[in-house]
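Architecture at a glance
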Amino acid sequence: MARKIVAGNWKMNKTVSEGVQLVEELKNELAKANASDVTVVVSPPYVSLTEVVKTAAGSQVEVSAQNVHQEASGAYTAEVSADMLKSAGVGYVIIGHSERREYFAENAVDIAKKIDAVIAQGLTPIYCCGEVKEERESGNQNAIVGGQIKDELFHLSDADFEKVVIAYEPVWAIGTGLTASADQAQDMHAFIRGFVADKFGKVIAKETSILYGGSCKPTNAAEIFSKPDVDGGLIGGAALNATDFVGIITAFN
Ligand code: PGA
């Protein structure tokens, strides 16, 4: 069975002290919740990582970065390497988020290299894929998502692919209040699992966590998470509030 994961992507939100406070609140709420079987991840901005790692230490909360540079070191002003993230105590890295693809022109070659850099440091990539509105409307979503996964993950060995968490995030649902229906999410997740099985085998595909992302809220998470191929969520807006985030973490049936 794939591991259940709910990861919060804070994007460009929260100062250092606000981030620490959010994690304190999250720890308190999780202590009262019944969700010890769920891996809980928060992804603060780079500047907050070390403080958030300290605050989360010894708790259920694990820490992710939102991005990484593919090179190990060098003259890449403002960039951060996987080795640096590891030294800050980070365990996960979000890679290929649609906002990185759209606003910062990240392409398949960059993303494949970032995946390699993160795995080489023993960190877990949370790899994002998903179609835009026009691609969904023209019925091309499976071809688009399959193409992304093929170009950005299929170079991996079986052993390295096993370390990857996949987040399916339809771009038209991110931050828009439009959520994919539970059936749309299930259809895509089943497609992704089958596509992964064709390349890496059924056993690995079954063990791969496939998260849904895009306007996931406490009010819709239970229905989406009840689907057999949905193993959790990558949460933006609703991860900025501890009560909402825990409402999603506890939404598994
Ligand atoms: P959202 O963002 O939950 O605010 O739609 C999800 C994401 O971008 O990961």
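This text goes with the structure placed above it.
Reference entry: report on the structure contained in this document. (Residues numbered from 1 in each chain as written. Predicted model: local features only at pLDDT ≥ 70, side-chain atom pairs only at ≥ 80, totals over all residues. Heavy atoms only, no water.)

Regarding the site of the ligand
In the vicinity of the ligand there are 13 residues, among which Lys11, His97, Glu169, Gly175 and Ser215 approach most closely. Note that an oxygen atom of the ligand is positioned 2.7 Å from one of the backbone N or O atoms of Ser215. A total of 280 Å² of accessible area belongs to the ligand in isolation, and the protein chains cover 96% of it. A class-by-class count of the residues in the shell around the ligand yields four nonpolar, seven polar and two charged. (Near = heavy atom within 4 Å. Polar contact = N/O pair within 3.5 Å; in protein donor to acceptor, adjacent residues only side chain to side chain. Areas by Shrake-Rupley, 256 points an atom, 1.4 Å probe, with all protein chains shown as cover. Nonpolar A, V, L, I, M, F, W, Y, C, P; charged D, E, K, R; others polar.)

A look at the packing of helix α5 (residues 108-120) against helix α7 (residues 141-153)
Where α5 contacts α7, the axes come no closer than 8 Å and their chain directions differ by 55°. Regarding the angle of α5 to α7, the classification is oblique. Contacts between α5 and α7 involve Ala108, Ile111, Ala112 and Ile115 from the first element and Asp151, Glu152 and Leu153 from the second. Tallied by class, the residues present in the contact of α5 with α7 amount to five nonpolar, no polar and two charged. (Axes fitted to C-alpha atoms, helices over the stretch in contact; angles between N-to-C directions. Helix = DSSP H or I, 4+ residues; strand = E, 2+ residues; numbered from the N terminus. Parallel < 35°, antiparallel > 145°, perpendicular 65-115°, else oblique. Contact = heavy atoms within 4.5 Å.)

A short note on the sheet that holds strand β7 (residues 210-213)
With respect to topology, eight strands assemble into a closed barrel ordered β1-β2-β3-β4-β5-β6-β7-β8, the strand pairing being parallel. Across the sheet, the axes of successive neighbouring strands diverge by a mean angle of 30°, strand direction being ignored. The pairing of strand β5 (residues 124-129) with strand β6 (residues 165-168) spans four bridges and is parallel. The residue bridging Cys129 from the neighbouring strand is Tyr168, located in β6. Sheet contacts for α7: β5 and β6; angle to β5, the most-contacted strand, approximately 145°. The strands touched by helix α9 (residues 182-200) are β5, β6 and β7; relative to β7, the strand with the most contacts, the crossing angle is about 150°. (Pairing = 2+ DSSP bridges.)

Points about the pattern of salt bridges
Within the structure shown, the criterion is met by 13 salt bridges. In this structure, the salt-bridge partner of Arg193 is Asp229, at a minimum N-O distance of 2.6 Å. Placement of the pair is Arg193 in helix α9 and Asp229 in the loop between α11 (218-225) and β8 (232-235), with a sequence separation of 36 residues. On the basis of relative accessible area, Arg193 is assigned to the buried category, the value being 11%. In this structure Asp229 comes out as buried when scored by relative accessible area, which is 15%. One continuous salt-bridge network, built from bridges that share partners, spans Arg100, Glu106 and Lys114. (Salt bridge = Lys/Arg side-chain N within 4 Å of Asp/Glu carboxyl O. Buried < 20%, exposed > 50% of the residue type's maximum accessible area, 1.4 Å probe, protein only.)

A few points about the packing of aromatic side chains
Here a ring pair, both rings aromatic, is described through the centre-centre distance and the interplanar angle of the planes. Tallying each qualifying case throughout the model produces seven aromatic pairs. Ring geometry for Tyr103 against Phe104: centres 6.5 Å apart, planes inclined by 80°, an arrangement best described as edge-to-face. Here Tyr103 falls in the exposed class, since its relative accessible area comes to 57%. Put simply, the rings of Phe154, Phe161, Phe191, Phe195 and Phe200 pair up and form one aromatic cluster. Directly above the ring of Phe104 sits Arg100, whose terminal nitrogen or CZ lies 4.0 Å from the centroid. Across the ring face of Phe200, the terminal group of Lys199 is positioned such that the distance to the ring centre comes to 5.9 Å. (Phe/Tyr/Trp six-rings, centres within 6.5 Å; stacked < 30°, edge-to-face > 60°. Lys NZ or Arg CZ within 6 Å of the ring centre and 35° of its normal.)

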